[in-house]
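Now for the letters of each chain:
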Amino acid sequence: QVQLVESGGGLVQAGGPLRLSCVASGHTFSSYAMGWFRQAPGKGREFVAAISWGGGGTEYTDSVKGRFTISRDNAKNTWYLQMNSLKPEDTATYYCAAHSTIATLRSGYWGQGTQVTVSS
């Protein structure tokens, strides 16, 4: 049974950092692309960042470029989202996802989400 479990969310002041982690089990994801999405109340789930299976390719939504960094540790079946200089508009539930390519992440495996709240 494939399972993705996020952790690391919480309450942080604007300008502060948080690091999210996503641990996968039930499958070897070393050949999968991995990514992060977020969903704020009343809004759709939006793409945040993704990393290719080898780690050589990354993509970010414009609003987080220069502030967020995605990385992965295939040996641990884990990937991370380092979030710096957080803004109140980053407040959302963050979800990790995995699939064969970055382009098809929305069709893949999902975690249950972790809440990030940024206070002003």
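Presented here is a report on the structure given in the accompanying data block.

Cut-offs applied
- Residues numbered from 1 in each chain as written.
- Predicted model: local features only at pLDDT ≥ 70, side-chain atom pairs only at ≥ 80, totals over all residues.
- Heavy atoms only, no water.
- Salt bridge = Lys/Arg side-chain N within 4 Å of Asp/Glu carboxyl O.
- Pairing = 2+ DSSP bridges.
- Helix = DSSP H or I, 4+ residues; strand = E, 2+ residues; numbered from the N terminus.
- Axes fitted to C-alpha atoms, helices over the stretch in contact; angles between N-to-C directions.
- Buried < 20%, exposed > 50% of the residue type's maximum accessible area, 1.4 Å probe, protein only.

## Remarks on the pattern of salt bridges
So, point 1. Using the criterion set out here, one finds four salt bridges in the structure.
So, point 2. Among the charged side chains, a salt-bridge network with shared partners connects R38, E46, R67 and D90.

## Description of the sheet that holds strand β7 (residues 68–73)
So, point 1. Here we have four strands laid out as an open sheet, ordered β1-β3-β8-β7, and antiparallel in their pairing. Each edge of the open sheet carries a strand with a single partner, namely β1 (3–7) and β7. Adjacent strand axes in the sheet meet at a mean angle of 15° when their direction is disregarded.
So, point 2. As paired elements, β7 and strand β8 (residues 78–83) share six bridges and run antiparallel to each other.

## Section: the pairing of strand β9 (residues 92–99)
So, point 1. Among the eight residues in β9, seven count as buried, and that is most of the element.
So, point 2. Bridge analysis of β9 against strand β10 (residues 109–110) gives two bridges, and the strand direction is antiparallel. Across the sheet, A98 pairs through a bridge with Y109, a residue of β10.

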